[in-house]
Amino acid sequence: MTTFGPAAFQLVLLRRMADFQPELADEARRRLGASLADQREANKRWQAMVRSPRSRGALARYRSVLGPPESAERRTIGDLECEALLWPVPLWPDLRFEVLAAPDGAVWNEWLVRAPGARGPVLDSPDDLRPWSATVDEVARAFAPVRPMEGTAPTRWRLAFEAPAGRGCVAEFTYGLLQRVSVQDAPQDAL
């Protein structure tokens, strides 16, 4: 792998997702035509870019690796103005890699979201939450109110919510894509 582009970037995403879903990540890596050695090399190069003292900043890094964004729009989140940039992700054609950047170019958030116009999953119960089926935003809307929790790594998010019958659930995400859900046996008010 001589150039670092979208295919190598997807290998980096898969590397973190393999912590939760190794079979899905291996299958996706093979669809990219990449070996484990290719994936390790891509991750090594990405980490070197991220940690380089001459780093151009996260937004410039994404632009150089992924090319021009498919779309860019101004967005207001509370009192904050930012730019939302979207790039296609061939492994997940219904998703986009979204970067939220401050006016000064600082990256506030980076994760996978549903592509504009793409139909998301129907999420009525925790049983509908299958690995790689939903994004953070989709789970948050379907099971509101949710409580954001600290993730176990910078690229991870967790949401706590109450499922039907009062069972407490925690959904875990890597780069914004659902990886797994844990469901408590007893209703939350009984704990």
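Quantities reported herein were computed from a predicted structural model and do not represent experimental measurements.

Rules used throughout
Residues numbered from 1 in each chain as written. Predicted model: local features only at pLDDT ≥ 70, side-chain atom pairs only at ≥ 80, totals over all residues. Heavy atoms only, no water. Helix = DSSP H or I, 4+ residues; strand = E, 2+ residues; numbered from the N terminus. Buried < 20%, exposed > 50% of the residue type's maximum accessible area, 1.4 Å probe, protein only. Phe/Tyr/Trp six-rings, centres within 6.5 Å; stacked < 30°, edge-to-face > 60°. Lys NZ or Arg CZ within 6 Å of the ring centre and 35° of its normal. Expected span 1.5 Å × (residues − 1). Arc of directions from axis to C-beta. Contact = heavy atoms within 4.5 Å. Polar contact = N/O pair within 3.5 Å; in protein donor to acceptor, adjacent residues only side chain to side chain. Pairing = 2+ DSSP bridges. Axes fitted to C-alpha atoms, helices over the stretch in contact; angles between N-to-C directions.

**Student:** Which residues make up the environment of E162, and what values go with them?
**Tutor:** Here E162 is to be found in strand β6 (residues 156–162). The exposure class of E162 is partly exposed, given its relative accessible area of 47%. Taking the C-alpha atoms as reference points, E162 and A144, separated by 18 residues in sequence, lie 8.4 Å from one another.

**Student:** Before we move on, can you summarise the side chain of N43 with the specific residues and values?
**Tutor:** Checked against the element boundaries, N43 lands in helix α3 (residues 36–51). Since its relative accessible area comes to 11%, N43 is described here as buried.

**Student:** Which residues make up the packing of aromatic side chains, and what are the values?
**Tutor:** The final tally for this structure, using the stated rule, is 11 aromatic pairs. Measuring from ring centre to ring centre gives 4.9 Å for F9 and F97, while their planes differ by 80 degrees; the resulting arrangement is edge-to-face. Remark: F97 occurs in strand β3 (residues 95–101) and F9 occurs in helix α1 (residues 6–17); sequence separation between them is 88 residues. This pair shows no difference in class: F9 is buried, exactly as F97 is. Three or more aromatic residues joined by ring pairs form one cluster here, namely F4, F9, W46, Y62, W87, F97 and Y175. Stacked on the ring of W46, the Lys or Arg R61 has its end atom at 5.4 Å from the ring centre.

**Student:** Go over α3 with me, naming the residues and quoting the values.
**Tutor:** Because an α-helix completes one turn every 3.6 residues, residues spaced three or four positions apart along the sequence face the same direction. Along its 16 residues, α3 runs 22 Å from first to last C-alpha, staying within 8% of the 22 Å computed at 1.5 Å per residue. Taken together, the buried positions of α3 are Q39, A42, N43 and W46. Within α3, the buried residues cover an arc of 95 degrees as seen down the axis, which keeps them to one side. Facing away from the buried side of α3, by more than 90 degrees, are the exposed residues R40, K44 and R51. Against the buried residues of α3 lie α1, α2 (22–31) and α4 (58–66). Near the N-terminus of α3, the side chain that reaches the backbone nitrogen of A37, with its oxygen 3.3 Å away, is that of S35.

**Student:** Report on the pairing of strand β4 (residues 107–114), specifying residues and quantitative values.
**Tutor:** Pairing between β3 and β4: seven bridges, direction antiparallel. Residue R96 lies in a different strand from β4, and its bridge partner there is V113. Hairpin connection from β3 to β4: five residues lie between these consecutive antiparallel strands, with G105 at a positive phi of about 95 degrees.

**Student:** I'd like a description of the environment of E41, backed by residues and values.
**Tutor:** Tracing the sequence through the fold places E41 in helix α3. Separated by 29 residues in sequence, E41 and V12 place their C-alpha atoms 9.4 Å apart.

**Student:** So what about the sheet that holds strand β1 (residues 71–77)? Which residues, and what values?
**Tutor:** Strand order across the open sheet formed by four strands is β1-β2-β3-β4, with antiparallel pairing between neighbours. Taken across any chain shown, the strands that pair with only one partner, and hence form the sheet edges, are β1 and β4. This sheet shows a mean twist of 25 degrees between the axes of neighbouring strands, independent of strand direction. Its contacts with the sheet put α4 on β2 (80–88), β3 and β4, and the angle it makes with β2 is roughly 20 degrees.

**Student:** Now, about the side chain of E172: what can you tell me, with residues and values included?
**Tutor:** Along the chain, E172 turns up in strand β7 (residues 167–174). Residue classification places E172 among the buried residues on the basis of a relative accessible area of 11%. Side-chain polar atoms of E172 contact the side chain of R180, separated by 2.8 Å. Not counting residues up to four positions away in its chain, the partners in contact with E172 are F20, W157, R158, L177, L178, Q179 and R180.

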